[in-house]
Structures are given as C-alpha cells and as structure tokens.
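# What the coordinates show
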4 protein chains.
Amino acid sequence: MQTVATLLQATARILVEEGAERLTTNHLARKSGFSIGTIYQYFPNREAIVLALIERQRSKVRERIALVMQDRTGSVEERLRRIVRTLHDAFNLHRNADQRLTFALLRLAIAHGLPTPTDAIAEAIVAVWRDAQDAEHRPLNASETFVLTRSVIEVLRHATLHGSPLLETVEFEDAILRLILGFLREEARPAGPDA
Amino acid sequence: MQTVATLLQATARILVEEGAERLTTNHLARKSGFSIGTIYQYFPNREAIVLALIERQRSKVRERIALVMQDRTGSVEERLRRIVRTLHDAFNLHRNADQRLTFALLRLAIAHGLPTPTDAIAEAIVAVWRDAQDAEHRPLNASETFVLTRSVIEVLRHATLHGSPLLETVEFEDAILRLILGFLREEARPAGPDA
Amino acid sequence: MQTVATLLQATARILVEEGAERLTTNHLARKSGFSIGTIYQYFPNREAIVLALIERQRSKVRERIALVMQDRTGSVEERLRRIVRTLHDAFNLHRNADQRLTFALLRLAIAHGLPTPTDAIAEAIVAVWRDAQDAEHRPLNASETFVLTRSVIEVLRHATLHGSPLLETVEFEDAILRLILGFLREEARPAGPDA
Amino acid sequence: MQTVATLLQATARILVEEGAERLTTNHLARKSGFSIGTIYQYFPNREAIVLALIERQRSKVRERIALVMQDRTGSVEERLRRIVRTLHDAFNLHRNADQRLTFALLRLAIAHGLPTPTDAIAEAIVAVWRDAQDAEHRPLNASETFVLTRSVIEVLRHATLHGSPLLETVEFEDAILRLILGFLREEARPAGPDA
DNA sequence: CATGAATGAGAATTCATTCAT
DNA sequence: TATGAATGAATTCTCATTCAT
C-alpha cells in the first residue's frame with residue numbers, strides 16, 4: 001500500500017532527522033501528511049510502526065545475504081570476504097542518512113527486545129566453512145557457532161551504533177576476516193609453546 | 001551517602017523485579033521509602049539516577065579486571081583465560097537476580113547512548129599479547145584492536161542480553177578463548193592455498 | 001429493507017455477544033458485512049441504530065400485550081395472571097441470548113433517556129379491574145395507577161436487569177400477582193387496629 | 001480530604017449543570033480548579049470518581065434509613081409510612097438541584113452495572129412486618145420479599161428518574177403504602193368471589 | 001534535609017462521520 | 001446504492017518536576 005509506504009518513510013525520516021524520542025503518533029501524522037486516524041487504520045499501535053520498519057530493513061538485509069550466498073566461486077577466504085563485505089553494506093555504512101537510520105533501528109530493536117537476526121549470516125559463514133572442510137575437521141559445536149557468528153555481527157553492530165570511523169577502512173574488513181579465519185583455523189593448529 | 005545508596009538499591013530492585021518501564025520517579029519514591037522531594041535532593045533528574053547505577057556497576061567491573069591484570073603468571077593462554085573468566089563473572093552469569101540487573105542496565109546504557117566501556121578489557125587482552133610477543137610479531141593496528149576486543153565483549157553482552165543458556169557452559173569459555181587466540185595467531189600463519 | 005434488517009440483527013448480535021461498549025459503527029460494519037458508508041445510507045447516526053432496535057423490540061411487546069387483552073374470559077385473577085405471564089415472556093426470560101439482549105436494550109434505553117413504555121400494560125391491568133368492578137369501588141386515581149403499574153413493570157425490569165434467578169420460578173409470578181391483587185383489594189378492606 | 005471533597009463536589013455540579021457526557025477528566029480539572037494530575041493523585045481512573053460519588057450518596061441514604069429504623073413506636077401502618085417517607089426524602093424530591101443529581105447518579109449506577117442497594121430498605125419493611133406478625137402469618141419467601149421490596153424502591157426510582165410531578169403529592173405516598181399493606185395483608189384474605 | 005500535594009505538557013488511542021469514487 | 005480511505009476532535013491517563021512548608 002502507498003499509504004503504509006509513506007508512513008514508514010516518514011517514520012524513517014523522523015528517526016534520522018529528529019531522533020526516536022520525537023517519534024510520536026501525533027508528530028508522525030503531521031510529518032507524513034496523514035491524520036492520526038489514518039495511522040491507526042494501518043497499524044494497531046505505535047510499536048507496530050517501528051517493528052514494521054525494522055522488519056522491512058531486515059528483510060532487505062536477508063535478501064542481500066541470500067544473493068551473496070548463491071555465488072559459490074572462489075577460495076574460502078574470498079567467499080568469506082564477500083560475506084563480510086555484504087554485511088558492511090547491510091549495515092549501511094556509506095550514506096550518512098542510512099547510517100543514522102540503522103543506528104536508530106538498532107537501538108529500537110534492542111529496546112523492543114528483538115533478537116539480532118543472525119541466522120542467515122551464521123548459516124552463510126558456517127556453510128562456507130563446511131563446504132571447504134576436509135575430513136580431518138571437526139564440525140563446530142553450538143558454543144563455537146554462537147561465538148563465531150555473533151562476534152562478527154556484534155562487532156559490526158557495535159561499530160555502527162557508535163559511528164566508528166574505522167568502519168570505512170579496508171583494514172577493518174581485513175580485521176574481521178582475520179577474526180573469522182583465525183577462529184576457524186585455530187582448531188587445526190597444534191598448541192604452540194607460547195599458548 | 002546512605003540515602004543515595006538506598007535509592008540506587010531500590011532502583012536496582014525495581015529494574016530486576018518490575019522492569020525498566022516501571023522505573024518512574026514516583027514509584028521509586030514509594031519503593032525506596034523516601035519522598036519524591038528527597039530523590040530530587042540527590043539527583044538532578046531521573047536520568048541521573050540510572051546513569052549513577054550504571055556507573056556504579058561499571059566501576060565494579062573495572063576493579064575486578066584490574067585485579068586480574070595484576071596476576072602476570074602463567075602462559076598467554078592461561079592469562080587470557082583468566083581474563084575471559086573474569087568477564088564471565090563480570091556479566092554476572094551465576095545468580096539470576098544479578099543477571100536480570102545486568103540485562104536491564106545494558107539496555108538502559110544503550111538507550112542512553114552510553115558506549116560500552118571496553119577500554120580496560122581491551123588493554124588487558126592486548127597487554128597480555130604484547131607481553132608475550134617476540135620480535136617477529138607486528139603490533140595490532142587500530143582496526144585489529146577494535147575488532148578483537150569488541151568482538152569478545154559484544155559476544156558476551158549479546159549472550160547476556162538474550163539470556164543464552166550457553167553462557168553457563170565451559171565450551172562457551174573455550175570458544176571465546178579460541179576466538180582470541182585464533183585472531184592473535186592468525187597473522188603468524190602462512191596463507192594456505194585453500195584459505 | 002433487507003439491509004436494515006441485517007444491520008439491526010448484527011447490532012443485536014454484538015450487543016449480546018460482545019457488549020454495548022463494543023458497538024461502534026466500524027465494528028458493526030465489519031460484523032454486518034456492509035461498509036460504514038452503507039450504514040450511513042440507512043441511519044443518520046449511531047444513536048438512530050440503537051433507537052431503531054429498541055423500537056423494534058418494544059413494538060413486539062406491544063403486539064403481545066394487545067393479543068392477551070383481547071381474551072376477556074375467566075376471573076379477574078385469571079386475566080391478571082395472563083397479563084403477568086405475558087410480561088414475563090415479553091422480558092424474554094427463557095432463552096439466554098434474548099435475555100442478554102433485553103438486558104442490553106434496557107440499559108441503552110435508560111442511557112438514552114427513553115421512558116419505559118408501560119402505557120399498554122398499565123391500561124391492561126386497570127381495564128381488567130374496571131371491568132370486574134362493582135359500584136362500590138372507587139376508581140384508581142393518578143398516583144394509584146402510576147404506583148400499581150410501574151411497580152409491576154419495574155420489578156420485572158429490575159429482575160431482568162440483574163439477572164435474578166427468581167425470574168424463572170412460579171413463586172415469582174405468584175408474588176407479582178399478589179402485589180397487584182393486594183393493591184386492588186386493599187381499598188375495600190376495613191383498616192384493622194394493628195395493620 | 002479537602003481535595004477529594006472539592007473534586008466530588010465539582011463532579012456533582014457538572015452532572016447537575018451540564019450532564020454526564022460532559023464529565024470528562026479535563027473538564028473536571030478545569031471546573032474544580034485543580035489540574036488533571038491532581039485528579040489522578042486521588043482517583044485511579046475516571047470511573048472511580050463517579051463510583052465514589054455514588055457511594056457517598058448511598059451511604060447518606062443508608063444512614064437515614066438506619067435512623068428511622070431505630071424508632072419502633074406506633075402501628076405497623078405508621079411505621080411503614082415513616083419508612084416510605086424517608087425513602088421519599090432519600091430520593092431527594094424536594095430541591096431541584098438534588099433531584100437532578102440523583103437522576104444522574106441513578107443513570108450512572110445503571111450504566112456501571114451497580115445493583116440498587118435495597119438491602120437496608122428491604123430489611124426495614126420486612127422487619128416491621130415480622131415484628132407485628134401473629135402466629136398465623138406465614139413468613140415471606142424469597143420471591144415475595146424480592147417483589148415487595150423492589151417494587152417499592154423501583155417505583156420511587158422510576159418516578160425520580162422521569163421527574164414525575166406525582167412525587168410531591170400525598171396521594172403518591174398513600175399509594176405506595178397501599179401497595180405495601182395490600183401485599184402484606186393479601187395472604188390472610190380468603191379468596192373472594194371476584195378473584 | 002525532607003516532604004508530598006500539585007502541576008500540566010503531552011502521549012497514545014478511539015470512533016463517529018464525511019465524501020470522492 | 002455501495003464503498004472504505006481518511007479524518008480529527010476529543011478522551012483518558014502518565015510522569016518528571018516544582019516548591020511551599
């Protein structure tokens with residue numbers, strides 16, 4: 001629906017330009033050009049508007065991840081780097097407005113108790129590793145999967161949330177890749193003298 | 001002040017037993033046994049109460065970390081494991097009530113835009129690595145430090161925030177250690193053809 | 001009109017199944033299968049719908065009373081009992097759904113300031129008495145007529161409104177008859193010393 | 001409390017002068033001279049204000065009834081007449097303002113589903129009868145008690161609710177007395193030829 | 001130091017009604 | 001006739017904060 005799209009767009013604009021605390025139903029009505037009544041024709045309550053916006057953004061991320069996953073060419077490192085880069089994009093690092101929106105939505109998602117939807121990303125990383133695995137590798141257990149996938153997502157989320165300037169550097173991408181590869185390869189390695 | 005302590009204690013109790021949305025100044029007055037007026041004798045506004053509680057909790061963590069850091073015995077792995085275990089404790093994994101408080105304070109800290117105070121931990125981990133480092137190791141750059149330290153903290157914070165049952169397992173601690181060690185050792189390793 | 005009948009039927013269903021406070025125009029539209037616009041084609045405003053439903057129910061009662069009045073056979077007691085029994089039925093005591101509707105409509109009639117339409121019943125009772133009256137009886141004055149007729153109606157209305165279980169007993173009917181007969185015969189009786 | 005009294009007084013004034021539909025919390029605040037916040041310091045919600053006013057009025061009636069009951073002198077007829085007269089007063093028949101308030105409160109009581117509190121009056125009437133009873137009288141059963149007491153109350157309530165001018169006549173009081181006495185004496189009477 | 005009655009801006013939500021199609 | 005998206009005035013209620021005592 002056109003009206004819903006307009007309302008979500010206005011919601012995003014308020015979030016970006018004025019902050020979450022100014023996102024009141026009356027203010028949204030004014031800004032969107034619709035009346036309060038109209039908002040409540042399409043959303044049962046204020047929370048639902050925010051949740052719809054979060055969901056819309058998340059589904060976009062899911063689509064991008066799915067797209068990247070279809071490309072099975074290249075080495076493990078190359079494939080993992082593609083995933084990392086996609087996440088980078090997914091967190092909207094490039095345009096300032098979008099970054100602010102991501103920022104706001106992340107906060108709201110936490111405030112509303114929504115879990116970070118890492119399922120797709122988790123699967124992606126683990127799948128690449130599984131594909132490349134020779135017989136000698138033990139599959140990752142629950143804790144390992146959790147730590148590996150969440151650490152990647154959370155470090156990105158954290159950097160986004162605090163607007164770290166490192167986010168735009170290649171070094172940052174390299175460091176994340178190092179985190180993933182180091183973790184995955186660690187098992188194979190014999191315990192050295194210094195550890 | 002005794003009064004301030006009582007107020008913060010009551011604040012914590014409300015957070016744990018009733019949730020952040022019930023933490024209103026009037027309710028705090030009723031629960032603490034003081035009047036609203038008294039609250040405003042000690043805190044300029046509502047936000048200050050929450051921030052004071054967060055700060056109190058954070059200083060406790062800082063103290064524990066500092067304590068652990070003083071113990072420079074053992075291998076790199078042992079020292080890192082001690083740090084990880086301290087963090088575990090710091091996130092109050094054992095007693096349920098405290099976990100709920102940590103949970104609530106994390107959310108509030110995010111809502112108030114407070115940065116996660118990883119400085120002490122970051123220093124701790126990096127210092128251990130530096131101590132053990134031979135000449136051939138290149139020091140970590142800004143992105144690497146950021147990724148390594150935040151990933152550890154954020155994965156713990158995330159697990160706490162969502163009440164993951166993995167938190168109480170040894171496997172989880174092992175996985176975090178693997179994350180750290182894998183990252184640190186990764187540089188030294190020659191890039192293999194498949195990875 | 002078929003449409004009007006359907007709308008009133010849906011109104012009754014909402015009143016019975018969900019209560020008066022859920023009787024909103026939008027809800028009625030949804031439940032009736034018509035659009036809000038259509039409702040306003042047939043009724044000038046919300047109140048008119050309720051009033052139409054009340055009127056429909058009242059005309060049914062009037063019809064029944066008129067029918068009973070045509071039967072002039074039997075003793076005074078028998079004829080009065082027939083009237084009382086008709087009122088019983090009129091208040092829809094038997095089927096639960098109808099009782100709820102009566103209940104709801106009574107409340108609404110009061111809320112809208114509608115007078116209880118006792119005219120027909122009043123006439124019926126007084127007429128029976130007048131018919132059987134011998135010369136020695138003084139006709140009822142305005143206050144007496146009022147008190148006699150309203151007391152019967154109001155006691156029934158009250159019992160209905162509060163869902164009294166007595167309503168379904170024969171004793172209850174007997175008591176109402178006793179109220180009427182006692183009142184009518186009281187005049188004739190010589191005042192005793194103690195009563 | 002002075003504030004509560006002022007608020008209830010303002011509530012009564014609005015009810016009398018402007019009608020129940022104008023009794024909004026904001027309007028009450030304006031009229032009472034207090035702020036909305038103050039209203040909510042003393043009442044949990046809008047309904048509670050109305051209920052408090054109803055309860056206050058009812059307790060006044062209860063007190064008057066209790067007072068009249070203490071006087072056990074005179075014949076049954078005299079004692080019953082005293083009760084009837086008290087009810088008359090209780091329904092505030094004399095001053096116009098009070099009548100409007102009674103009117104409004106009655107409607108509100110019905111709208112809020114409150115039962116008419118006839119207990120005290122019921123007891124009063126039945127007790128007088130019981131006191132005067134000789135051995136030959138059968139005590140009233142549940143239906144009889146219900147019909148007798150409610151008919152008296154409801155006919156008064158009805159007359160008040162519709163502002164009947166009969167209320168101020170002696171005839172009216174006589175008629176009610178006739179209703180009571182007729183009912184009570186009816187049992188003793190042998191079925192005559194005309195009934 | 002402590003109190004707590006009073007404040008009032010402002011938030012979410014409802015619902016009867018309109019009107020262009 | 002019928003539709004239903006849009007309206008917006010009005011309502012209830014919350015809660016941080018003030019200030020006279």
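Nothing here was measured: the structure is a model prediction, and the numbers come from that model.

All names here are of chain A. Domain annotation for chain A reports domain 1 (1–43) and domain 2 (56–186). Between domain 1 and domain 2, the C-alpha centre-to-centre distance is 31 Å. With five residues of domain 1 in contact, the opposing surface of domain 2 contributes seven residues. Summing both sides of the interface, domain 1 and domain 2 together bury roughly 540 Å²; the carbon and sulfur share of this comes to 75%. Linking domain 1 with domain 2 are zero residue pairs in polar contact (both at pLDDT 80 or more). Among the residues forming the side of domain 1 that touches domain 2, the class breakdown is five nonpolar, no polar and no charged.

As enumerated under the stated definition, the model contains 44 salt bridges over all chains in all. As a salt-bridge pair, Glu17(B) and Arg13(B) come within 3.2 Å of each other at their nearest N and O atoms. Placement of the pair is Glu17(B) and Arg13(B) together in helix α1 (residues 2–17), with a separation of four residues, close to one helical turn. Assessed through its relative accessible area of 49%, Glu17(B) is described here as partly exposed. Under the relative-accessibility criterion, Arg13(B) is labelled partly exposed at 47%. Bridged by salt links that share partners, the residues Arg81(A), Arg85(A), Glu173(A) and Asp174(A) form one connected network.

Let's shift gears to the packing of helix α8 (residues 142–161) of chain A against helix α8 (residues 142–161) of chain B. One way to put it is that α8(A) packs onto α8(B) with a least axis distance of 7 Å and a crossing angle of 110°. If you check the angle between α8(A) and α8(B), you find them roughly perpendicular. Contacts between α8(A) and α8(B) involve Phe146(A), Val147(A), Arg150(A), Ser151(A), Glu154(A), Val155(A), Arg157(A), His158(A) and Ala159(A) on the former and, on the latter, Phe146(B), Val147(B), Arg150(B), Ser151(B), Glu154(B), Val155(B), Arg157(B), His158(B) and Ala159(B).

Note on the identical chains: chain C maps onto chain D by a rotation of 179° and an axial translation of 0.0 Å, with an RMSD of 0.1 Å. Both copies of the chain, as the preceding transformation shows, are related through a two-fold rotation axis. Across chain C, the smallest distance between a C-alpha and the rotation axis is recorded for Gly182(C), namely 2.0 Å. Most of the interface of chain C is mirrored in chain D: 94% of its interface residues are interface residues there too.

Another aspect to go through is the interface of chain A and chain B. Each partner contributes residues to the interface: chain A has 45 residues there, and chain B has 45 residues. For the pair chain A and chain B, the two sides together bury roughly 4,200 Å², of which 61% comes from carbon and sulfur. Our count for the contact surface shared by chain A and chain B stands at four salt bridges. For the salt bridge of Arg178(A) with Glu144(B), the shortest nitrogen-to-oxygen distance reads 3.3 Å. Those elements that provide at least two residues to the side of chain A that touches chain B are α5 (76–90), α6 (96–111), α8 and α9 (170–186) of chain A. Among the elements that take part in the side of chain A that touches chain B, α8(A) stands out by supplying 13 residues, more than any other. Among the residues making up the side of chain A that touches chain B, the classes are represented as 21 nonpolar, 10 polar and 14 charged.

With that settled, consider the relation of the copies chain A and chain B. When chain A is fitted to chain B, the residual RMSD is 0.1 Å, and the transformation amounts to a turn of 179° plus an axial shift of 0.0 Å. A share of 100% of the interface residues of chain A reappears at the interface of chain B, consistent with the copies meeting face to face through the same patch.

Okay, the layout of surface pockets next. The gaps of empty space that remain are located by a probe, the size of a water molecule, rolled over the atoms. Approximately 1,200 Å³ is the volume attributed to the largest pocket. Arg107(C), Ile110(C), Ala111(C), Arg107(D) and Ala111(D) are, among the 45 residues lining the largest pocket, the residues nearest its centre. Elements supplying a minimum of two residues to the lining of the largest pocket: α1 (2–17), α4 (46–70) and α6 (96–111) of chain C together with α1 (2–17), α4 (46–70) and α6 (96–111) of chain D. Its residues placed into classes, the lining of the largest pocket shows 23 nonpolar, 13 polar and nine charged. Considering only enclosed or pocket space, the second largest pocket measures out at about 1,000 Å³ in volume. Lining the second largest pocket we find 37 residues, and of these Arg107(A), Leu108(A), Ala111(A), Ala111(B) and His112(B) sit closest to its centre. For the lining of the second largest pocket, the elements supplying multiple residues, two or more each, are α1 (2–17) and α6 of chain A together with α1, α4 (46–70) and α6 (96–111) of chain B.

Criteria and cut-off values
- Residues numbered from 1 in each chain as written.
- Chains lettered and ligands numbered in written order.
- Predicted model: local features only at pLDDT ≥ 70, side-chain atom pairs only at ≥ 80, totals over all residues.
- Heavy atoms only, no water.
- Domains from an automatic or database assignment.
- Contact = heavy atoms within 4.5 Å.
- Buried area = accessible area lost by both parts, 1.4 Å probe.
- Polar contact = N/O pair within 3.5 Å; in protein donor to acceptor, adjacent residues only side chain to side chain.
- Nonpolar A, V, L, I, M, F, W, Y, C, P; charged D, E, K, R; others polar.
- Salt bridge = Lys/Arg side-chain N within 4 Å of Asp/Glu carboxyl O.
- Helix = DSSP H or I, 4+ residues; strand = E, 2+ residues; numbered from the N terminus.
- Buried < 20%, exposed > 50% of the residue type's maximum accessible area, 1.4 Å probe, protein only.
- Axes fitted to C-alpha atoms, helices over the stretch in contact; angles between N-to-C directions.
- Parallel < 35°, antiparallel > 145°, perpendicular 65-115°, else oblique.
- Least-squares fit on C-alpha atoms with pLDDT ≥ 70 in both.
- 1 Å grid on protein atoms, 1.4 Å probe; cavity = no way out; pocket = protein on both sides within 12 Å on 5 of 7 lines; lining within 4 Å.
- Points joined across faces, edges and corners; volume = space filled by probe spheres on them.

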